[in-house]
Amino acid sequence: MPDTSRGIPRPLVRANQSVIVLSVLLTWFTGFYWFLAIPLAAGLLGLLFRYNPVISLSARFLRKDRSAYVLEDPEQQQFNQSIAVICLAAGLVSHLAGWLTAAYIFTAIVGTAALVAILGFCIGCFIHYQWKMYLYKRRQGSSH
């Protein structure tokens, strides 16, 4: 059983997802693609140093004890954040290179995934689960 005391309160995860959605929308509507650098930098800091400034700042606004919230699995959130960082980086690099079609595709992927997660379905969680099942079945097949 996972250690739930290490979990991330769902409102903090939602805050991080909201920053991603907001940055994508601001980028699309203003054309100022540096908005993508905000969630990209926060995500990279989270992946590399286990410190996400969006989550840390949002934690100040929690009104209840952490354990009173639904807690998200940190390993799962790291996986999801990896996907988000890849898409945000690809979107920003595509903008810098002038590849607008690719930029819109990558930002649409990450923005849609974050919005759908806010609404209740985690695409990254689904992908992570499928990957784990694939690895499990592969190990089972090789042991026979």
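Let me sum up the structure you'll find in this document. (Residues numbered from 1 in each chain as written. Predicted model: local features only at pLDDT ≥ 70, side-chain atom pairs only at ≥ 80, totals over all residues. Heavy atoms only, no water.)

A positive phi is found at Arg50, a non-glycine position, where the angle reads about 60°. Turning to its location among the elements, Arg50 is positioned in the loop between α2 (37–49) and α3 (53–59). Accessibility expressed as a relative area gives 65% for Arg50, which makes it exposed. (Helix = DSSP H or I, 4+ residues; strand = E, 2+ residues; numbered from the N terminus. Buried < 20%, exposed > 50% of the residue type's maximum accessible area, 1.4 Å probe, protein only.)

As a further point, take the packing of aromatic side chains. Applying the stated criterion across every chain, the model contains five aromatic pairs. Both rings, one in Trp28 and one in Tyr104, keep their centres 6.1 Å apart while their planes meet at 40°; by these two values the pair is tilted. Of this pair, Trp28 sits in helix α1 (residues 10–30) while Tyr104 sits in helix α5 (residues 100–119); the two residues are 76 residues apart in sequence, bridging distant segments of the chain. With a relative accessible area of 38%, Tyr104 lands in the partly exposed category. When the ring centre of Tyr69 is taken as reference, the NZ or CZ atom of Lys64 above it lies at 5.0 Å. (Phe/Tyr/Trp six-rings, centres within 6.5 Å; stacked < 30°, edge-to-face > 60°. Lys NZ or Arg CZ within 6 Å of the ring centre and 35° of its normal.)

Attention now moves to the packing of helix α4 (residues 74–97) against helix α6 (residues 123–142). Following both chains from N to C, one finds α4 and α6 inclined at 110°, their axes separated by 9 Å at the closest point. In this view, α4 runs roughly perpendicular relative to α6, as classed from their interaxial angle. Contacts between α4 and α6 pair Glu75, Gln76, Phe79, Asn80 and Ile83 from the former with Gly124, Cys125, Ile127, His128 and Lys132 from the latter. Here the residues of the contact of α4 with α6 are counted per class, giving four nonpolar, four polar and two charged. (Axes fitted to C-alpha atoms, helices over the stretch in contact; angles between N-to-C directions. Parallel < 35°, antiparallel > 145°, perpendicular 65-115°, else oblique. Contact = heavy atoms within 4.5 Å. Nonpolar A, V, L, I, M, F, W, Y, C, P; charged D, E, K, R; others polar.)

In this structure, Ile20, Val21, Val24, Leu36, Leu40, Ala84, Val85, Cys87, Leu88, Leu92, Val110 and Ala114 together form the largest nonpolar core, which totals 12 residues. Residue assignment for this core shows that the elements contributing at least two residues are α1, α4 and α5. Filtering out sequence-adjacent residues up to four positions away, Val110 remains in contact with Ile20, Val24, Ala84, Cys87 and Leu88. (Core = buried A, V, L, I, M, F, W, Y, C linked by side-chain atoms within 4.5 Å.)

This next bit is on the state of the cysteines. Evaluated as defined, the whole model comprises one disulfide. Residue Cys122 pairs covalently with Cys125 via a disulfide, S to S 2.4 Å. Disulfide Cys122 to Cys125: torsion about the S-S bond roughly 75°, handedness right-handed. Classification of Cys125 as partly exposed rests on a relative accessible area of 23%. For Cys87, which is in no disulfide, the shortest distance to another cysteine sulfur is to Cys122 and amounts to 13 Å. Since its relative accessible area comes to 9%, Cys87 is described here as buried. (Disulfide = S-S within 2.5 Å.)

Purely geometric numbers; function is a separate question.
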